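Each chain, written out:
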Amino acid sequence: MRYVTAGESHGPALTAIIEGLPAGLTISEAQINEDLHRRQQGYGRGNRQKIESDHVEISSGVRHQLTIGSPVTLRVVNDDFRHWQEIMDPSSEATAENSVRKVERPRPGHADLVGGMKYRHHDLRNVLERSSARETTMRVAVGSVAKQLLAQIGVEVLGFVRQIGPVSADPTKLNTFADLAALKVATDQSETRTFDSDAETKMKVLIDETKKAGDTLGGIVQVLATGLPVGLGSYVSAETKMDGKLAQAIIGINAFKGVEFGEGFQFANHPGSEGMDEIFWQKDQGFYRETDHLGGFEGGMTNGMPVNIKAVMKPIPTLYKPLRSVDIKTKEAYKANVERSDTTAVTAAAVVAEAMTAITLAEAVLDKFDADSMARLQEQLTNYNEEIKNF
Ligand SMILES: Cc1cc2nc3c(=O)[nH]c(=O)nc-3n(C[C@H](O)[C@H](O)[C@H](O)COP(=O)(O)O)c2cc1C
Ligand SMILES: C=C(O[C@@H]1CC(C(=O)O)=C[C@@H](OP(=O)(O)O)[C@H]1O)C(=O)O
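Residues numbered from 1 in each chain as written. Chains lettered and ligands numbered in written order. Predicted model: local features only at pLDDT ≥ 70, side-chain atom pairs only at ≥ 80, totals over all residues.

**As for the overall build of the protein chain**
Cut-off, in case you're wondering: Only DSSP runs of H or I reaching four residues or more are called helices, and only runs of E reaching two or more are called strands; each is numbered from the N terminus. Restricting the calculation to C-alpha atoms gives the radius of gyration, and the globule rule supplies 2.2 Å times the number of residues raised to the power 0.38. Counting other C-beta atoms within 10 Å of its own, a residue is labelled buried from 20 upward, exposed at 12 or fewer, and partly exposed in the gap between, with every C-beta atom placed from the backbone.
For the protein chain, the helix and strand inventory stands at twelve helices and 17 strands. The C-alpha atoms of the protein chain give a radius of gyration of 22 Å, which matches the 21 Å a tight globule of 391 residues would have. Evaluated residue by residue, the protein chain yields a buried proportion of 36% over its 391 residues.

**Describing the site of ligand 1**
Put simply, the rule is: We count a residue as near a molecule or strand when its backbone-placed C-beta atom lies within 6 Å of that partner. Residues are grouped as follows: Ala, Val, Leu, Ile, Met, Phe, Trp, Tyr, Cys and Pro are nonpolar; Asp, Glu, Lys and Arg are charged; every other residue, Gly included, is polar.
Near ligand 1, the surroundings consist of 21 residues, among which Ala 133, Asn 254, Thr 318, Asp 342 and Ala 345 are the closest. If you tally residues by element for the shell around ligand 1, the top one is helix H11 (residues 346-368), at three residues. Classifying every residue of the shell around ligand 1 gives ten nonpolar, nine polar and two charged.

**Details of the UniProt feature "binding site: FMN" (unreviewed entry) in the protein chain**
Rule in force here: UniProt positions are given in the numbering used here, feature names are shortened, and annotations may be inferred rather than shown by experiment.
Cross-referencing UniProt, the feature "binding site: FMN" (unreviewed entry) maps to Arg 130, Ser 131, Ser 132, Asn 254, Ala 255, Gly 299, Lys 314, Pro 315, Ile 316, Pro 317, Thr 318 and Arg 340 in the present numbering. These annotated residues cover 211 residues of sequence, and their C-alpha atoms sit far apart, with the largest distance between any two at 45.1 Å. Assignment of secondary structure puts Ala 255 in the loop between helix H10 (242-251) and strand S10 (256-261). By C-beta crowding, Ala 255 is classed as partly exposed, having 17 other C-beta atoms within 10 Å.

**Some remarks on the site of ligand 2**
Around ligand 2, the surrounding shell holds 13 residues, and the nearest of these are Arg 48, Ser 132, Ala 133, Arg 134 and Arg 340. For the shell around ligand 2, the residue count by class is two nonpolar, six polar and five charged.

**What about the sheet that holds strand S7 (residues 156-164)?**
Where we set the bar: When DSSP finds at least two bridges between two strands, those strands are taken to pair. A residue pair is marked as a contact if its C-beta atoms, positioned from the backbone, fall within 7 Å. Note on geometry: axes are C-alpha line fits, over the in-contact stretch for helices, and angles between N-to-C directions span 0 to 180 degrees.
Read from one edge of the open sheet, five strands run S8-S7-S9-S15-S10, paired in antiparallel fashion. This sheet does not close on itself; its edge strands, each paired only once, are strand S8 (167-168) and S10. Of the strand pairs in this sheet, S7 and S8 are connected by two bridges, and their pairing is antiparallel. By the bridge assignment, Gln 163 is partnered in S8 with Ser 168. Helix H8 (residues 180-189) contacts S7 and strand S9 (219-226) of the sheet and is inclined by roughly 45° relative to S7.

**Let's talk about the UniProt feature "binding site: NADP(+)" (unreviewed entry) in the protein chain**
Mapped onto the present numbering, the UniProt feature "binding site: NADP(+)" (unreviewed entry) falls on Arg 39 and Arg 45. Looking at Arg 39, the number of C-beta atoms within 10 Å reads 27, which means it is buried. Every residue in contact with Arg 39, bar those within four places of it in the chain, is listed here: Thr 137, Val 140, Ala 348, Val 351 and Val 352. Tracing the sequence through the fold places Arg 45 in the loop between helix H1 (29-40) and helix H2 (48-51).

**Details of the nonpolar core**
Applied cut-off: Nonpolar cores are built from buried Ala, Val, Leu, Ile, Met, Phe, Trp, Tyr and Cys residues. These are joined into a set through C-beta atoms within 7 Å.
In this structure, Ala 141, Val 142 and Leu 361 are the most contacted members of the largest nonpolar core, which totals 73 residues. In terms of residue count, H11 provides more of this core than any other element does, 15 residues in total. In this structure, Leu 361 is in contact with Leu 150, Val 155, Val 157, Ala 225, Leu 228 and Leu 232, ignoring residues within four places of it in sequence.

**Some remarks on the environment of Gln 85**
Its location among the elements puts Gln 85 in helix H3 (residues 81-88). Considered as a pair, Gln 85 and Gly 11 are 74 residues apart in the sequence and their alpha carbons are 7.8 Å apart.

**Quick notes on the confidence of the model for the protein chain**
For the record, the criterion: Think of pLDDT as the predictor's per-residue confidence, scored from 0 to 100.
When pLDDT is averaged along the protein chain, the result is 96; 99% of the residues meet or exceed 70. Among the prediction metrics, the complex's ipTM stands at 0.98, with pTM recorded as 0.98.

**A word on H10**
Applied cut-off: In this description, the arc belongs to the directions extending from the helix axis to the C-beta atoms.
Inspection of H10 places Met 242, Asp 243, Leu 246, Ala 249 and Ile 250 among the buried residues, and these make up the whole buried set. Along the axis of H10, the buried residues cluster in a sector spanning 120°; they form a single face. Buried residues along H10 sit in contact with S10, strand S13 (297-298), strand S14 (301-302), strand S15 (307-313) and H11.

**Comments concerning the pairing of strand S6 (residues 72-77)**
Relative to S6, strand S2 (residues 13-19) runs antiparallel, the two being bridged by six bridges. The residue of S6 that forms the bridge with Leu 14 is Val 76. Looking at chain direction, strand S3 (residues 56-60) and S6 are connected through four bridges and run antiparallel. Among the inter-strand pairings, Ser 60 is bridged to a residue of S6, identified as Thr 73.

**Structural notes on H1**
Basically, it comes down to this: Every helix has an expected span of 1.5 Å times one less than the residues it contains.
The terminal C-alpha atoms of H1, which comprises twelve residues, lie 17 Å apart, in line with the 16 Å expected from a rise of 1.5 Å per residue. Among the residues making up H1, those that are buried are Ile 32, Asp 35, Leu 36, Arg 38 and Arg 39. One face of H1 carries all of its buried residues, which in axial projection span an arc of 155°. Away from its buried face, by an angle of more than 90 degrees, H1 presents the exposed residues Ala 30 and Glu 34. The inward-facing, buried residues of H1 abut S3, S6, helix H7 (136-151), H8 and H11. Looking at the residues trailing H1, positive phi occurs at Gly 42, about 130°.

**Considerations on the sheet that holds strand S1 (residues 2-6)**
Judged by pairing direction, the sheet is antiparallel, and its four strands sit side by side in the order S1-S2-S6-S3 without closing on themselves. Each having just a single partner strand, S1 and S3 make up the two edges of the open sheet. On average, each strand axis in the sheet is tilted by 20° relative to the strand beside it, whichever way the strands run. Sheet topology note: the S1/S2 ladder contains five bridges and is antiparallel.

And the structure:
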């Protein structure tokens, strides 16, 4: 499976094409719309989300909710385009009027300056329109399709929030959830997409205070994936390691600066005797573990335990309290003024991280097994899992 997204933040629409899905996969448009809605929710987001109400249109590759093996096209309209028509219209000619509104003031922390230098753009709008995280809408749409495929082979993926600014959810409260379905209900109901209601209250106070001060916040998201077959990815070559592929997918999300698996950076604080997942065996179960310190990977391969990823998002770079920068035309120093921006988007980013994890895992499953047809994929997985159990 591979996919490509296209579209600018204030252009007419966003598109994704997915190739290589098995035939016979049931796809629910309502499920994609629910995931798009989840991405739009969250305390601390800016006014753009009041304009957009993301809905997908499927225009190829699916008949009566079943894939037919041909490329699947997904499209989401940008409702904000109507306000930007003059500036973003793909077909009308450039005029003196619309070129007056060139962007020549690069925002620190954005792609603006380096993107302008690299592509020789003197109107930085040509950079910011595509570097905007508006594009993550399509990653979530593709991720929703990937999650639907994974769910049909018993794999569940869920992203949620662990920390906003310095306010962290209590990790022991995670243990109160029996499964990912229960955790999903709780985090979907939370305005900060977390599982700890005490932390949520503090997070909201912090977001309000930060917004009032004209500042922004980052945070930490977590993604869990359960029910994966053993042996996705390989130790034989660096680029085939599954944890490495997931790290790339997560760091590819706008504003993500770090990723860890299992105990992650905490491994530095513990001796080896506390960090491994010891091996046990029972006749009816085969080999199993009682812990998941390693976050589901040994030798870059899934080991049958839940995949456990945490990742950090930097604070939103556009501030109401402006940062210093320099005009690319006049070379004069200035302080940026902002019309609108998110105070924090960690809640949305958790849904994007979930999507990127699902896409990467679905790609690995489809690579490993004969996946021309969904039924054949399921048959093979049943046989494979039986073989692994009897190893
Ligand atoms: C869901 C989401 C929403 C975002 N919203 C904003 C925003 O409103 N304002 C902003 O300045 N940056 C926002 N960002 C971050 C920028 O897109 C990102 O920092 C920028 O494109 C530079 O890329 P880099 O941080 O990966 O280097 C958002 C990121 C995500 C994932
Ligand atoms: C549009 C979305 O996020 C945008 C991501 C973003 C950025 O710079 O990344 C900047 C803001 O765009 P605007 O200036 O149009 O308000 C966010 O709203 C979205 O998530 O749907």
